Amino acid sequence: MFNQLLPYLLAGVSVGGQYALIAVGYTMVYGILRLINFAHGDVFTAAGFFMVYLMASMPLGVAAPLVILLTVALGFTLERVAYKPLRQAPRMSVMISAIGASYLLQNLMWYVTGGLAKQYPVLPLLSDSVQIGAASTKVVTLVTPVLTVLLVVALQLLIKHTKIGMAMRAVSVDFETSQLMGIKINSVISTTFIIGSALAAVGSMLYFTNYSTVTPTVGAMPGLKAFVAAVFGGIGSIPGAVIGAFIIGICENLIKAAGYTAFSDAFTFALLILVLLFRPTGLFGEKTAEKV
Amino acid sequence: MKRMSNTRKIVSVAVVFLIYFLAWFAEARLGTNSMLITVLKKGAVYALIAASMNLLNGFTGLFSLGQAGFMLVGAYVYAVFTIPLKRHAAVYQYYNGGIIQFELPMLVALLLAGIVAALLAALVGLPVLRLKSDYLAIATLGFAEIIRAIVQWDTLGPITNGSNLLKTYPTFKDAKIFGSTVLFPFLVSGVCIVVILLLINSTYGRAFKAIRDDEIAAEAMGVNLFRTKELAFVISCFFAGIGGALLAMFQGTVQANSFKSSMTYDILLMVVIGGMGSISGSVVASFLYIACSEWWLRFLDNELVIGTFHVPLLRSGFRMVVFSAVIMVVVLFFRKGLMGDKELWNLQLNRERRLRR
């Protein structure tokens with residue numbers, strides 16, 4: 001029994017870690033701007049394409065940092081172009097802008113790639129096979145949870161103990177007051193997008209190593225699931241998002257193990273709806289009072 | 001709402017008749033398969049769906065992203081109940097001809113499509129409508145995805161044909177009026193949009209707008225928040241269901257897989273371009289949107305050589321890039337869209353007022 005479930009559990013933990021890296025981007029942006037960044041999943045896909053094109057001409061050691069850099073630049077530009085002009089606009093407008101940006105990114109990727117699925121390069125080390133008990137899997141499966149936890153701990157330290165981290169926390173509590181206190185909110189928001197995009201880039205390297213092809217719309221689903229993970233953990237809370245992502249990743253694969261593959265996506269959304277109904281602030285979310 | 005004067009009413013009706021006549025005339029001259037007629041039919045279908053979404057998002061202020069799910073229900077109900085009995089064996093080839101052993105007339109099935117979508121919306125609305133703004137958006141999006149998964153479920157195969165195509169049901173070609181395929185979608189969609197307009201200008205419509213502008217104030221004025229929201233949701237989904245059925249008729253085949261969240265986004269963008277809170281804006285924007293994406297921007301997809309000069313950038317996919325960039329410009333810089341919250345027939349009135357002032 002355990003031996004049968006083991007591959008699914010391993011896949012679950014691995015996918016969970018990848019969702020976690022995306023979910024952190026969602027939860028940080030939501031914490032600060034109260035915006036569901038619908039285009040985050042597409043930034044994640046774009047990172048996949050960057051890797052495809054860069055690995056064609058350079059070794060991994062050069063390509064990987066470049067991918068992160070390019071993805072960060074994309075995230076930064078996205079914020080400046082699509083969200084900054086709408087700072088004073090109603091939340092609905094910003095969300096529509098996010099959907100529009102996601103649409104534009106997808107079409108742009110379709111145009112550049114010609115709409116064909118691109119083979120993701122084999123990353124040395126990560127793609128090697130290993131044997132665990134009765135299950136054979138790729139190294140990436142083992143690396144993902146470890147790397148995820150390390151990155152998130154580093155991020156927590158950044159947020160708790162540095163000046164920019166303090167500024168982020170201040171902005172997420174009260175946008176306007178922190179502005180009055182002399183915090184440059186635009187640079188704080190940009191930093192948030194930079195961190196989120198960098199983590200998404202790392203997540204995409206791990207994710208696509210498992211899935212082997214990249215298409216322009218492939219990021220939409222993991223993006224939505226990562227968002228669900230963020231809500232599940234309590235939006236705005238980074239540890240919550242990580243735990244939520246692992247839970248979703250594992251449950252999803254257990255459902256596949258039970259033979260209901262068609263419902264693995266639906267399950268995620270059912271979970272979302274249940275959480276929103278019974279505990280809208282998620283597992284670790286802060287309570288907010290309704291203001292008139 | 002300003003009451004319409006009698007002349008204004010007569011002019012509106014006359015304009016509508018003129019448009020219908022022109023559409024019919026165009027099809028008679030250009031033939032059914034011309035690009036214009038295809039765009040007109042698809043535009044009419046999307047006009048209804050966009051109007052139904054505007055009722056919810058623009059007039060009631062409920063940011064719902066579940067439209068594709070309810071369209072899916074409408075499309076499937078229509079298709080499942082109208083596939084001719086003798087074709088069942090071919091369509092449901094993997095499920096022994098399916099278990100539904102009767103067929104309904106087209107119009108009845110169309111109505112049923114709306115009703116089933118509305119009933120489902122009533123159920124979904126019970127939990128979901130307690131949520132606010134972006135949580136509501138993501139929950140409705142989630143429900144749409146769940147509906148899509150359930151429809152494709154193998155166990156329901158004898159009814160929904162699983163993830164296989166549904167086909168051979170009556171399409172617009174089987175619904176000719178005066179020998180024209182374009183009039184049927186225009187008529188159905190037109191009647192539904194008029195009903196939506198009448199609703200918006202009724203007491204219910206005023207309650208919807210009150211909720212949009214300020215929930216707490218609306219509640220204080222005696223609007224039953226939950227019941228009114230539920231009503232708006234159910235009615236919107238009823239028309240989304242009919243719209244889905246019309247879309248099925250337009251396409252000739254349906255498959256659950258095509259009703260993804262990107263379809264909802266398309267419709268949302270139409271509503272935004274037309275103006276949140278303007279039904280006529282949604283209608284105009286739907287036709288423009290469909291015409292641009294299917295027809296007018298086609299040339300961007302083809303490589304073009306003038307003399308020896310190879311025009312750069314033009315190749316497959318460029319059309320959608322330009323199109324989505326234009327949409328972004330509208331979203332960012334023309335947030336009110338084409339019409340803002342005005343209706344076409346009120347534009348003139350406002351100008352007169354301004355002059356008088």
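Residues numbered from 1 in each chain as written. Chains lettered and ligands numbered in written order. Predicted model: local features only at pLDDT ≥ 70, side-chain atom pairs only at ≥ 80, totals over all residues. Heavy atoms only, no water.

S.K.: When you look at the overall build of chain A in this model, what are you seeing that I'm missing?
M.R.: Scanning chain A for helices and strands turns up 11 helices and four strands. Compactness check: chain A gives a C-alpha radius of gyration of 19 Å against a globular reference of 19 Å for 292 residues, within 12% of the reference. Taking the principal axes of the C-alpha coordinates as reference, chain A spans close to 60 × 45 × 35 Å. Looking at chain A as a whole, 54% of its 292 residues qualify as buried. Partitioning the contacts of chain A with sequence separation of at least 6, the portion at a separation of at least 24 is 74%. Carbon together with sulfur atoms contributes 69% to the accessible area of chain A, which is approximately 12,300 Å² in total. If the 16 positive side-chain charges of chain A are averaged to one point and the 9 negative ones to another, these points end up 5 Å apart. (Helix = DSSP H or I, 4+ residues; strand = E, 2+ residues; numbered from the N terminus. Rg over C-alpha atoms; globule rule 2.2 N^0.38 Å. Buried < 20%, exposed > 50% of the residue type's maximum accessible area, 1.4 Å probe, protein only. Contact = heavy atoms within 4.5 Å. Areas by Shrake-Rupley, 256 points an atom, 1.4 Å probe, with all protein chains shown as cover. Lys, Arg positive; Asp, Glu negative; His and termini not counted. Charge placed at Lys NZ, Arg CZ, Asp CG, Glu CD.)

S.K.: How should the side chain of Asn 161 of chain B be read in this particular structure?
M.R.: Mapping Asn 161 of chain B onto the fold places it in the loop between helix H7 (157-160) and strand E1 (166-167). Setting aside its immediate chain neighbours within four residues, Asn 161 of chain B contacts Val 91, Tyr 92, Tyr 95, Leu 156 and Leu 166 of chain B.

S.K.: Help me out: how do you make sense of helix H13 (residues 279-296) of chain B in this one?
M.R.: Along an α-helix, a turn takes 3.6 residues, which lines up residues three or four apart on a common side. Between its first and last C-alpha, H13 of chain B extends 24 Å over 18 residues, near the 26 Å set by a 1.5 Å rise per residue. Those residues of H13 of chain B lying buried are Ile 279, Ser 280, Gly 281, Ser 282, Ala 285, Ser 286, Tyr 289, Ile 290, Ala 291, Cys 292 and Ser 293 of chain B. (Expected span 1.5 Å × (residues − 1).)

S.K.: Before we go on, may I ask you to explain the packing of aromatic side chains in this structure?
M.R.: To describe a pair of aromatic rings, one takes the distance between the centres and the angle between the planes. Residue and element names in this part refer to chain B. What the rule picks out here adds up to 22 aromatic pairs over all chains. Measuring from ring centre to ring centre gives 5.7 Å for Phe 81 and Phe 102, while their planes differ by 25°; the resulting arrangement is stacked. Residue Phe 81 is located in helix H3 (residues 67-82), and its partner Phe 102 is located in the loop between helix H4 (88-91) and helix H5 (106-128); the two are separated by 21 residues in the primary sequence. Look at Phe 81 and you get buried, because its relative accessible area is 18%. (Phe/Tyr/Trp six-rings, centres within 6.5 Å; stacked < 30°, edge-to-face > 60°.)

S.K.: Help me understand the nonpolar core in this model?
M.R.: Ranked by internal contacts, the top residues of the largest apolar core, which has 202 residues, are Phe 38 of chain A together with Leu 65 and Tyr 78 of chain B. Excluding residues within four positions of it along the chain, Phe 38 of chain A makes contact with Tyr 26, Met 95, Ala 98, Ile 99 and Ser 102 of chain A together with Leu 65, Ile 138, Leu 141 and Tyr 265 of chain B. Counting residues in hydrophobic clusters, the runner-up holds nine residues, among them Ala 23, Ala 26, Leu 40 and Leu 183 of chain B. (Core = buried A, V, L, I, M, F, W, Y, C linked by side-chain atoms within 4.5 Å.)

S.K.: Explain the packing of helix H2 (residues 35-59) of chain B against H13 of chain B here, please?
M.R.: Relative orientation and spacing of two packed helices are given, respectively, by the angle between their axes and the distance between those axes. All names here are of chain B. At a minimum axis separation of 7 Å, H2 and H13 run at an interaxial angle of 140°. Between H2 and H13, the angle is such that the two are oblique. Crossing hand, H2 versus H13: right-handed. (Axes fitted to C-alpha atoms, helices over the stretch in contact; angles between N-to-C directions. Parallel < 35°, antiparallel > 145°, perpendicular 65-115°, else oblique. Left-handed = near helix turned anticlockwise from the far one by under 90°.)

S.K.: So what exactly am I meant to see when it comes to the pairing of strand E2 (residues 129-132) of chain A here?
M.R.: Regular strands place side chains that alternate from one sheet face to the opposite one. Relative to strand E3 (residues 135-138) of chain A, E2 of chain A runs antiparallel, the two sharing four bridges. When the sheet's bridge partners are listed, Gln 131 of chain A is paired in E3 of chain A with Ser 136 of chain A. (Pairing = 2+ DSSP bridges.)

S.K.: What am I meant to see in the interface of chain A and chain B here?
M.R.: Each partner contributes residues to the interface: chain A has 43 residues there, and chain B has 45 residues. Roughly 3,800 Å² of surface becomes buried between chain A and chain B when both sides are summed, with 78% attributable to carbon and sulfur atoms. Considering only the side of chain A, the residues that lose the most area to chain B are Ile 96, Tyr 103 and Tyr 111 of chain A, jointly responsible for 19% of the buried surface there. Run the count over chain A and chain B and you get zero salt bridges. Run the count over chain A and chain B and you get four residue pairs in polar contact (both at pLDDT 80 or more). Counting residues per element, the ones that place at least two in the side of chain A that touches chain B are helix H3 (60-83), helix H4 (91-113), helix H9 (220-233) and helix H11 (264-278) of chain A. Of the residues forming the side of chain A that touches chain B, the biggest block, 16 residues, is contributed by H4 of chain A. The class makeup of the residues in the side of chain A that touches chain B is 36 nonpolar, four polar and three charged. (Buried area = accessible area lost by both parts, 1.4 Å probe. Salt bridge = Lys/Arg side-chain N within 4 Å of Asp/Glu carboxyl O. Polar contact = N/O pair within 3.5 Å; in protein donor to acceptor, adjacent residues only side chain to side chain. Nonpolar A, V, L, I, M, F, W, Y, C, P; charged D, E, K, R; others polar.)

S.K.: Teacher, can you tell me more about unusual backbone geometry here?
M.R.: Across residues other than glycine, the phi torsion is negative in most instances, and most of the peptide bonds are trans. Residues and elements named next belong to chain B. For Asn 161, which is not glycine, the phi torsion reads 65° and is therefore positive. Not every positive phi belongs to a glycine, and Thr 168 is a case in point at roughly 65°. Since its relative accessible area comes to 28%, Thr 168 is described here as partly exposed.

S.K.: Is there a simple way to explain empty space enclosed by the protein in this structure?
M.R.: Where empty space is left can be seen by rolling a probe of water-molecule size over the atoms. Considering all chains together, one arrives at two cavities of 30 Å³ or more under this definition. Of the voids in this model, the largest cavity is the one considered here, and its volume is about 40 Å³. If you trace the largest cavity, you find it lined by Gly 25, Val 29, Asn 37, His 40, Val 43, Gly 75, Leu 78, Thr 192, Phe 193, Gly 196 and Ser 197 of chain A. Contributions of two or more residues to the lining of the largest cavity are made by helix H1 (2-33), helix H2 (40-55), H3 and helix H8 (185-211) of chain A. Tallying contributions element by element places H8 of chain A first for the lining of the largest cavity, with four residues. The residue makeup of the lining of the largest cavity, split by class, is four nonpolar, seven polar and no charged. As a volume, the second largest cavity reaches approximately 30 Å³. Taken together, Ala 68, Gly 69, Leu 72, Ala 144, Glu 145, Arg 148, Phe 259, Lys 260 and Ser 261 of chain B make up the full set of residues lining the second largest cavity. Those elements that provide at least two residues to the lining of the second largest cavity are H3 and helix H6 (133-151) of chain B. (1 Å grid on protein atoms, 1.4 Å probe; cavity = no way out; pocket = protein on both sides within 12 Å on 5 of 7 lines; lining within 4 Å. Points joined across faces, edges and corners; volume = space filled by probe spheres on them.)

S.K.: Is there a simple way to explain the environment of Met 55 of chain A in this structure?
M.R.: Residues and elements named next belong to chain A. Among the structural elements, Met 55 can be located in helix H2. Overall, Met 55 belongs to the buried group, its relative accessible area being 17%. Sequence-wise, Met 55 and Leu 123 are 68 residues apart; in three dimensions their C-alpha atoms are separated by 9.0 Å.

S.K.: Is there a simple way to think about a nonpolar patch on the surface in this case?
M.R.: Residues Met 35, Val 284, Leu 288, Trp 295, Trp 296, Leu 338 and Leu 344 of chain B make up a contiguous nonpolar surface patch of about 590 Å² in total accessible area. Along the polypeptide, Leu 338 of chain B turns up in the loop between helix H14 (318-333) and helix H15 (344-356). (Patch = residues over 30% accessible without salt bridge, like charges linked within 9 Å, V, L, I, M, F, W, Y side chains within 5 Å.)

S.K.: Would you mind going over the environment of Phe 232 of chain A with me for this structure?
M.R.: Residues and elements named next belong to chain A. Mapping Phe 232 onto the fold places it in helix H9. On the basis of relative accessibility, which here comes to 12%, the residue Phe 232 falls in the buried class. Sequence separation of Phe 232 and Phe 284 is 52 residues, and the distance between their C-alpha atoms is 8.6 Å. If we ignore the near neighbours within four places in the chain, the residues touching Phe 232 are Gly 244, Ile 247, Leu 271, Val 275, Gly 282 and Leu 283.

Purely spatial values, then, with no claim about function.
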